[in-house]
Amino acid sequence: MRVVLLVLMGLALFLYAIGHLGGSLRSATGAWLEQLLHRFTRTVAGALLTGIAATLVLQSSSVVIILTIVLVNAGTMRFRNSLGVVLGANIGTTFSSQLIAFDIGEWSALPLLLGLLLEQVGRTESWRKAGSVLFSFGLLFAALF
C-alpha cells in the first residue's frame, strides 16, 4: 500500500509541476519563445533535428521529452511539431550512446584539425563559425576519449 501511495504522490507532483512550469514559461517568455520554437519545429525534419540537438546538448532524452510536454501544455508548441522533437530526442540518445561505444575519441584529431583550420583561415564568417562548431565537436570527442 505504501508503494502505491508513493507512486500516486509522485505522479501528482509531476503533473502539478508540468502545469506550473508551463504557465511560468508562458508568462515569462511571451510570444518570443513560441516564435523561436515554431521556426525550428515547423517542419518534421526541423523538429527531428531540434530533438536530436537538444538531446546531444542536454545528454538526457527524458529532460527533452518532459520540456516538450510542458511546452505543448503551455500552448507554446503545437502537438504535431512535438512528435518530431520526441522522436529526435530518442534518436539523439541512440546517437550519443553509439559515439561512446565506437570510441570516437581516437579519431577526434580530425575534426579538431579541420575545425581549427576552418576557424582560422575561413573566407567567410559562416565558414569560420562552421569551423568553430567542428572544432567543438572534436574537443567533445577528445574529452570523451
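Going by the structure above, here's the rest.
An account of the accompanying structure is given in this report. (Residues numbered from 1 in each chain as written. Predicted model: local features only at pLDDT ≥ 70, side-chain atom pairs only at ≥ 80, totals over all residues. Heavy atoms only, no water.)

### Let's talk about the packing of helix H3 (residues 44-58) against helix H4 (residues 61-73)
- Where H3 contacts H4, the two axes come as close as 8 Å, and the packing angle between them is 130°. It follows that H3 is oblique to H4 by the angle criterion. When you trace H3 past H4, the crossing you get is right-handed. In this structure, H3 uses Ala54, Thr55 and Leu58 to contact H4, whose residues at the interface are Ser61, Val63, Val64 and Leu67. (Axes fitted to C-alpha atoms, helices over the stretch in contact; angles between N-to-C directions. Helix = DSSP H or I, 4+ residues; strand = E, 2+ residues; numbered from the N terminus. Parallel < 35°, antiparallel > 145°, perpendicular 65-115°, else oblique. Left-handed = near helix turned anticlockwise from the far one by under 90°. Contact = heavy atoms within 4.5 Å.)

### As for a nonpolar patch on the surface
- On the surface, Met1, Val4, Leu5, Leu8 and Leu11 cluster together into a nonpolar patch covering about 540 Å² of accessible area.
- As for its position among the elements, methionine 1 is in the segment before helix H1 (2-29). (Patch = residues over 30% accessible without salt bridge, like charges linked within 9 Å, V, L, I, M, F, W, Y side chains within 5 Å. Areas by Shrake-Rupley, 256 points an atom, 1.4 Å probe, with all protein chains shown as cover. Salt bridge = Lys/Arg side-chain N within 4 Å of Asp/Glu carboxyl O.)

### Some points on the side chain of serine 61
- Relative to the elements of secondary structure, serine 61 occurs in helix H4.
- You can call serine 61 buried: its relative accessible area is 15%.
- Sequence-distant contacts of serine 61, that is, excluding residues within four places in its chain, are made with Thr55, Ala89, Asn90 and Thr93. (Buried < 20%, exposed > 50% of the residue type's maximum accessible area, 1.4 Å probe, protein only.)

### As for the side chain of serine 82
- Its location among the elements puts serine 82 in helix H5 (residues 79-101).
- In contact with serine 82, other than residues within four places in its own chain, are Thr68, Val72 and Met77.

### A few points about the nonpolar core
- One finds Leu37, Ala47, Val64, Leu71, Met77, Val85 and Ala89 forming the largest nonpolar core, which totals seven residues.
- Every element with two or more residues in this core is listed here: H4 and H5.
- Apart from the residues lying within four places of it in its own chain, the contact partners of valine 64 are Ala54, Thr55, Leu58, Val85 and Ala89. (Core = buried A, V, L, I, M, F, W, Y, C linked by side-chain atoms within 4.5 Å.)

Structural measurements only, silent on function.
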